[in-house]
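A look at the structure
Single-letter residue listing:
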Amino acid sequence: MRILMIDDSRAKQSKVRELVSGWLTPIVVQFDICESLAETAKQINVQKYDLIIIDLLLPFTSGGPTQNITGELINLVRTNHNNKDAYLIALSEHKEIVESELRRFIECGIICLHYDDINSKWESTLELYITRIRNRDFVDFMIVCALDKELRAYSETTAKIGSRTSHRDLEVVFIDIGQYKGIGIKLPTMGPVSCAVTTSKAIEVFSPKFVAMSGICAGIQENSKMGQLIIAGSSWDYQSGKWTKDKFEGEAYPVEILENTRVNLSSFIERDGLIDKLEAGLECARPQIKNKPKIAPLASGSAVLAQAEKVTFVAEQHRKAAGIDMEMYGLYRAVTLSARNDVQFFGAKAVVDFGDEVKSDALQEYGAIVSARFVCEALQQLLDHSQGSM
């Protein structure tokens, strides 16, 4: 959980940080501190917070005189795209200001408490509110699957899988990867629109640090092999553009994974024995040749392709395109447009056909399981890395 405390009292910062971190254990808490209105304005534009704790007397700029900035602070946070939905708590040692501003805070849905070094009554009220926030559905990661077989494949991984259930109108299964808690989501229907809408809603509900997708896709023969894992370094809607009388004029808006995600995944796929580990114990049909996973562009559209001509149409849009599916772009776009600007994301799908007239279902089980195993292993590494860098 990420918390911003807006306060220029170092003693109060230390006290509140100690209490809140204790109440939220074992949730990992990252505290950021701002000591002026100007510093706050800059920080909330680059970072989304789950909880913001504010004082009522602050300087406009660092080192300046403190003054009542209640109106400015409320307006600044509530109109900020990143943090308009954050939980807000006003905590001030100035009792007269708390009492005079109480009505305004109530109207804005903000808890307002009087901080006192001697009387700790405020602590019990704050703890109760923090407990309510803690009971929100925070997870470390979220995995999105378009097909039932793709989500079921996680039972063939080292992850601990819960039972399938409905949670806040989402079809989910709770998944643990090592010490990390996550959620798997089955889309209600296939396609980029369904994926984008469901992913957006799920991000708001579960507040994941990482969002991933696994499953199966069609390959583009020039840039992929049967059974190969394609990690979508970028994705776009191959149907975006304009049909004229003579031709289609594409107008793609690709979304790329974050550079640090790409670097970590690039290192991961170079590990010796990776494919052997992903295939261990499989009894289903396998590709004849083992091919190393690759990071490459993957296009998305709203239709299943079973015609070589249509695959060529997609391939011509990007000379390095390696795969085609129906959901990846929807997921990538939803994450990048969400209010959470700190979420890392990636998708990995296995090539099970080439989208032509001779496509077969023979490798679908293999593709679903191997991609699920890859996502579990990759998430473990990415989460370990993110924890180590905090």
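Relevant structure appears above.
Rules used throughout
Residues numbered from 1 in each chain as written. Predicted model: local features only at pLDDT ≥ 70, side-chain atom pairs only at ≥ 80, totals over all residues. Heavy atoms only, no water. Pairing = 2+ DSSP bridges. Helix = DSSP H or I, 4+ residues; strand = E, 2+ residues; numbered from the N terminus. Right-handed = clockwise from strand over helix to strand, strands pointing away. Axes fitted to C-alpha atoms, helices over the stretch in contact; angles between N-to-C directions. Buried < 20%, exposed > 50% of the residue type's maximum accessible area, 1.4 Å probe, protein only. Polar contact = N/O pair within 3.5 Å; in protein donor to acceptor, adjacent residues only side chain to side chain. Contact = heavy atoms within 4.5 Å. Core = buried A, V, L, I, M, F, W, Y, C linked by side-chain atoms within 4.5 Å. Phe/Tyr/Trp six-rings, centres within 6.5 Å; stacked < 30°, edge-to-face > 60°. Lys NZ or Arg CZ within 6 Å of the ring centre and 35° of its normal. Disulfide = S-S within 2.5 Å.

1. A short note on the pairing of strand β2 (residues 30–34)
In terms of strand pairing, strand β1 (residues 2–6) meets β2 through 5 bridges, oriented parallel. The partner of R2 across the bridge, within β2, is Q30. Crossover handedness for the path β1 to helix α1 (residues 10–24) to β2: right-handed.

2. A few points about the sheet that holds strand β3 (residues 51–54)
Taking strand neighbours across the sheet as the criterion, the 5 strands line up as β2-β1-β3-β6-β7 in an open arrangement whose pairing is parallel. The sheet is open, and its two edges are formed by β2 and β7 (111–114), each paired on a single side. Between one strand axis and the next, the sheet turns by 20 degrees as a mean value, whatever way the strands run. By the bridge criterion, 4 bridges tie β3 to strand β6 (residues 87–92) in an arrangement that is parallel.

3. Structural notes on the side chain of Q13
Structurally, Q13 is set in helix α1. The exposure class of Q13 is buried, given its relative accessible area of 8%. Side-chain polar atoms of Q13 contact the backbone oxygen of D7, separated by 2.7 Å. Look past the residues within four positions of Q13 in its chain and what remains in contact with it is M5, D7, D8, I33 and E35.

4. Details of the nonpolar core
Formed by 75 residues in total, the largest nonpolar core has its most connected members in F141, Y154, F206, Y332, F346, F374 and L379. Aside from chain neighbours lying at most four places away, what touches Y154 is I143, C145, A159, I161, I175, S214, A372, V375 and C376. Counting residues in each nonpolar core, the second largest holds 23 residues, with Y49, L73, I74 and I110 among its members.

5. Here we look at the packing of aromatic side chains
For the structure on display, the rule yields 8 aromatic pairs. Judged by centre distance (5.3 Å) and plane angle (65 degrees), the rings of F248 and F313 are edge-to-face. Remark: F313 occurs in helix α10 (residues 308–315) and F248 occurs in strand β15 (residues 248–250); sequence separation between them is 65 residues. The class for F248 is buried, based on a relative accessible area of 15%. Pairwise contacts between aromatic rings join Y238, W243, F248 and F313 into one cluster. In this structure, K12 is placed above the aromatic ring of Y115, and the distance from its NZ or CZ to the ring centre is 5.3 Å.

6. Remarks on the state of the cysteines
A complete count under the given rule lists 0 disulfides for this structure. Of the cysteine sulfurs around C145, a residue in no disulfide, the closest is that of C376, at 9.8 Å. Here C145 falls in the buried class, since its relative accessible area comes to 0%. For the unlinked cysteine C195, the closest cysteine sulfur is that of C145, found at 10.0 Å. What makes C195 buried here is its relative accessible area of 0%.

Everything listed is a geometric property; what it means functionally is a separate question.
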